[in-house]
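Summary of the model geometry
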Amino acid sequence: FPVPVMVDPVLGSRVHLIRWCEWTPLAGFMTLMTECIDAPIYDGSRLTHDWRAKFVLSANETVSTLCGFFFPFCPNLWIWSLVMAFSTVTYSAILFRYAQKRK
């Protein structure tokens, strides 16, 4: 059956919007699941999880992936670049989290 396909005005590539609807929640859920696999941290008196960091990281990954959905709707290079920069910044949270976990 027909699916909505748009053309990215900057790159000229086809964008399948249904795929982005799948990937956006999947990115957040998979990041959260990966973060929750860790063993709890012993803080001296009890075992704890840093839930706030886990949820913030998964929300950042969701927002970063959601930006991919918006690319075909960007009317010019300036707005497209702003969306790309925002997506890159929100994605970079995973790099900082990785560095934090390696300490």
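A brief look at the structure comes next. (Residues numbered from 1 in each chain as written. Predicted model: local features only at pLDDT ≥ 70, side-chain atom pairs only at ≥ 80, totals over all residues. Heavy atoms only, no water.)

Side note on the overall build of the protein chain
For clarity, the cut-off: Going along the chain from the N terminus, every DSSP run of H or I of four or more residues is numbered as a helix, and every run of E of two or more is numbered as a strand. Values of the radius of gyration come from C-alpha atoms, whereas the globule rule sets the reference at 2.2 Å times the count of residues to the power 0.38. Relative accessibility decides the category of a residue: with a 1.4 Å probe and only protein chains considered, values under 20% of the type maximum give buried, values over 50% give exposed, and everything between is partly exposed. Two residues form a contact once any of their heavy atoms are found within 4.5 Å. For accessible areas, the Shrake-Rupley method is used with a probe of radius 1.4 Å. Any residue's cover is judged against the shown protein chains and nothing else. Residues scored as positive are Lys and Arg, those scored as negative are Asp and Glu, and His as well as the terminal groups of each chain are ignored. For the purpose of locating charges, the reference atoms are NZ of Lys, CZ of Arg, CG of Asp and CD of Glu.
Across its full length, the protein chain holds 4 helices and 4 strands. Ordered by position from N to C terminus, the α and β elements of the protein chain give β-β-α-β-β-α-α-α. Computed over the C-alpha atoms, the radius of gyration of the protein chain is 17 Å, more than 25% above the 13 Å expected from 2.2 N^0.38 for a compact globule of 103 residues. Overall, the protein chain is about 55 × 35 × 15 Å in size when its C-alpha atoms are taken along their principal axes. For the protein chain, buried positions account for 29% of its 103 residues. Of the contacts formed within the protein chain by residues at least 6 apart in sequence, a portion of 57% connects residues at least 24 apart. Of the roughly 7,300 Å² of accessible surface on the protein chain, 70% is carried by carbon and sulfur atoms. One finds the centroid of the 9 positive side-chain charges in the protein chain at a distance of 3 Å from the centroid of its 7 negative side-chain charges.

Looking at the pattern of salt bridges
Which entries qualify depends on this criterion: The term salt bridge refers to a pairing of a side-chain nitrogen on Lys or Arg with a carboxyl oxygen on Asp or Glu at a separation within 4 Å.
Applying the stated rule across the entire model yields 2 salt bridges. In this structure, the salt-bridge partner of Glu-35 is Arg-97, at a minimum N-O distance of 2.9 Å. Of the two residues, Glu-35 is situated in helix 1 (residues 17-36) and Arg-97 in helix 4 (residues 93-102); the sequence distance between them amounts to 62 residues. You can call Glu-35 buried: its relative accessible area is 6%. Notably, a salt bridge pairs Lys-101 with Glu-35, separated by 3.5 Å at the nearest N-O pair. One end of the pair, Lys-101, is in helix 4; the other, Glu-35, is in helix 1, with 66 residues separating them in the sequence.

Here's the deal with the state of the cysteines
Applicable threshold: When two cysteine sulfur atoms are found within 2.5 Å, that pair is recorded as a disulfide.
Summed over the entire model, instances satisfying the criterion amount to 0 disulfides. Note on Cys-67: no disulfide assigned, nearest cysteine sulfur contributed by Cys-74 at a separation of 8.8 Å. Under the relative-accessibility criterion, Cys-74 is labelled buried at 4%.

Some remarks on a nonpolar patch on the surface
The line we're drawing: What goes into a patch is any residue over 30% in relative accessible area without a salt bridge, connected to like charges within 9 Å or, for nonpolar side chains (Val, Leu, Ile, Met, Phe, Trp, Tyr), within 5 Å.
A grouping of Phe-1, Val-3, Val-5 and Ile-18 is seen on the molecular surface, where their side chains present a nonpolar patch of about 420 Å² in accessible area. Positionally, Val-3 belongs in the segment before strand 1 (5-7).

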